[in-house]
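Residue-level structural notes
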There are 2 protein chains.
Amino acid sequence: MTTGHVFIATSLDGYIARPDGDIGWLLERDDPAEDHGYADFIADKDMIVMGRGSYEKVLTMGDWFYDRPVLVLSRQLARQPVPAHLQGKVRFSDTTPAQAFAELAAQGVRRVYVDGGQLIQSCLRDGLIADMVVTTVPVLIGAGRPLFGALPRDIGLALESSRHFPSGLVQSTWRVLR
Amino acid sequence: MTTGHVFIATSLDGYIARPDGDIGWLLERDDPAEDHGYADFIADKDMIVMGRGSYEKVLTMGDWFYDRPVLVLSRQLARQPVPAHLQGKVRFSDTTPAQAFAELAAQGVRRVYVDGGQLIQSCLRDGLIADMVVTTVPVLIGAGRPLFGALPRDIGLALESSRHFPSGLVQSTWRVLR
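Residues numbered from 1 in each chain as written. Chains lettered and ligands numbered in written order. Predicted model: local features only at pLDDT ≥ 70, side-chain atom pairs only at ≥ 80, totals over all residues.

Concerning the overall build of chain A
Operational definition: Secondary structure counts use DSSP, requiring at least four H or I residues in a row for a helix and at least two E residues in a row for a strand, with both numbered from the N terminus. Each radius of gyration reported is based on C-alpha atoms, and the globular scaling rule is 2.2 Å times the count of residues to the power 0.38. Throughout, a pair of residues is in contact if the C-beta atoms placed from their backbones lie within 7 Å.
Looking only at helices and strands, chain A features six helices and eleven strands. Rg of the C-alpha trace for chain A: 16 Å, near the compact-globule value of 16 Å for 178 residues, within the 12% margin. Each of the three principal axes of chain A carries a C-alpha extent, and together these read 40 × 40 × 30 Å. A separation threshold of at least 6 residues defines the contact pool for chain A, and within that pool the share at least 24 residues apart is 70%.

Here it is, written out as C-alpha cells:
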C-alpha cells in the first residue's frame, strides 16, 4: 500500500500562498541556519506527487532541486511532453490521486511526499494521507490559497510531536486517524 | 492604554465552531485533567469583551462562569435590557471595538480578554490585540466559523512560547508586532 505524507508551511491563518501564489512572506521568515527537518522527512520517501500549481511554482524557482522521482497529476500537463531537461525526473499523469496511488502501489512505491494545497486536499478526502508535518509561520496574511478545504466528514488526528524554533516557526506532526 | 488578549481554540483547519456554532468536536477532545492555562491567562485580565455570538453561546452553556465584568458589543443587544440575573455582571454596548477600547482606557481598564471570532477579527484589523494564545485541536472539520479573516495588511507575529499536551493539543502564544 502506498501512503501519502505532507510537509508544508502555512501562515497562522492557514494559507500556503497569497492569492497570486506569492510565498515571499514565507521565504523572508525562513532562517537558513535552522534545520526544519526536510532532509529527515524526505529521507524515507520514495517519490513526490504534486499538482500543476506546485510544479509550475517550482519551475520558477531555478534549478530542479528534487532528488526523488516526481509525478505531476494534471489533465492539462498530461497532454504535453515533459520538458527535455526534466526527462527521467518528472512524469505527467491525468489520473486521479486514488488511481495514481494504486498504480504506485503496484510499482512497489510505498511512501510518497504529497505537495500542493489542492492535491493535499484531494488526498485527504480520499484517505490517502498518513501524516502531515505542518509548520506554522508567525504571520497573518489575511487571504490566499488555503492548506485545507471542504471534507465529507471530520478527520481526527493524533499529535506525534511538536517543536518550535527561535525564528518563531511552530512545527507539528499529525497522524491521520482511520 | 487598553490592550486586547486572545485565548481561543481552533481545529487544525482554523475553525472555532461548525457553521451552526457547534463546538462538540472541541469539547469531546478536551481532557479536563489537563491544565490548558485559562486560569493563568485570565488572572491578569480586568475585563472580558465579546460579540453577540459568543455571549449567546455562553448563555446556552448553563451557569454564568465569568468572574470578570463582561462587555458585549452588539448593536442588536444594546437596544435590550441586560437579563436580570446578569445585572452587574454584563453590559451591552453598540460602540465599535476601537471606541469601546478608548472608553475602557478612560475608565482605567488595562487588559481585556477578547472573545469570539468576529470580534477578534475586528480587533486585529484595528490594532487592538497585543497577543493571542491559540490552541490547535487535533481534528479537521472541513467547514465552520474561521478564527481569522481578511486584513488590510499583513500582521507580523512573534512566538512567545509553544507547548503541547498528551491529548494532542498544541498551544502557542503569539505577540502581535507593531
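Side note on the sheet that holds strand E10 (residues 155-164) of chain B
Cut-off, in case you're wondering: In this description, strands pair whenever DSSP reports at least two bridges between them. Only the contacting stretch of a helix is used when fitting its axis, a line to C-alpha atoms as for every element, and angles between N-to-C directions run 0 to 180 degrees.
A sheet is described by the order of its strands in space; here nine strands give the open sequence E8(A)-E10(B)-E11(B)-E7(B)-E1(B)-E6(B)-E3(B)-E4(B)-E5(B), paired in mixed fashion. Two strands close off the open sheet at either side, each with one partner strand: strand E8 (139-140) of chain A together with strand E5 (90-93) of chain B. Relative to strand E6 (residues 111-115) of chain B, strand E3 (residues 47-51) of chain B runs parallel, the two being bridged by four bridges. Each residue of the ladder has a partner; that of B:Met47, found in E6(B), is B:Val112. The sheet contacts of helix H4 (residues 97-106) of chain B involve E3, strand E4 (70-73), E5 and E6 of chain B, and relative to E4(B) the element is tilted by about 155 degrees. Of the strands in this sheet, strand E1 (3-11), E3, E4, E6, strand E7 (129-137) and E10 of chain B are in contact with helix H5 (residues 117-125) of chain B, which crosses E3(B) at around 105 degrees.

Section: the relation of the copies chain A and chain B
This is how it is decided: C-alpha atoms of residues with pLDDT of at least 70 in both copies form the basis for the least-squares superposition of the copies.
The transformation that overlays chain A on chain B combines an axial shift of 0.0 Å with a rotation of 180 degrees, and the residual RMSD is 0.0 Å. Seen this way, the second copy is the image of the first under a two-fold rotation axis. Closest to the rotation axis within chain A is the C-alpha of A:Gly14, separated from it by 3.4 Å. A symmetric contact is evident, with 100% of the interface residues of chain A recurring at the interface of chain B.

Here's the deal with the nonpolar core
Convention followed: When buried Ala, Val, Leu, Ile, Met, Phe, Trp, Tyr and Cys residues are joined through C-beta atoms within 7 Å, the set is termed a nonpolar core. Working definition of burial: number of other C-beta atoms within 10 Å of the residue's own, with buried at 20 or more, exposed at 12 or fewer, and partly exposed in between, all C-beta atoms being placed from the backbone.
In terms of nonpolar packing, the biggest core is built from 92 residues, with A:Val49, A:Val72, A:Val114, B:Val49, B:Val72 and B:Val114 touching the most fellow members. Beyond its immediate sequence surroundings of up to four residues, B:Val49 is in contact with B:Leu71, B:Leu73, B:Ala100, B:Val112, B:Val114 and B:Leu119.

As for the interface of chain A and chain B
For the record, the criterion: Each residue is assigned to one of three groups, with Ala, Val, Leu, Ile, Met, Phe, Trp, Tyr, Cys and Pro labelled nonpolar, Asp, Glu, Lys and Arg labelled charged, and all others, Gly among them, labelled polar.
Counting from both sides, the interface comprises 25 residues of chain A and, opposite them, 25 residues of chain B. Taken together, the elements giving at least two residues each to the side of chain A that touches chain B come down to E8, strand E10 (155-164) and strand E11 (170-176) of chain A. With seven residues, the single largest contributor to the side of chain A that touches chain B is E10(A). A breakdown of the residues in the side of chain A that touches chain B according to their chemical character gives 16 nonpolar, seven polar and two charged. In this sheet, E10(B) lies alongside E8(A) in antiparallel orientation, the contact comprising two bridges. Looking at the pairing, A:Leu140 lines up with B:Ile155 of E10(B).

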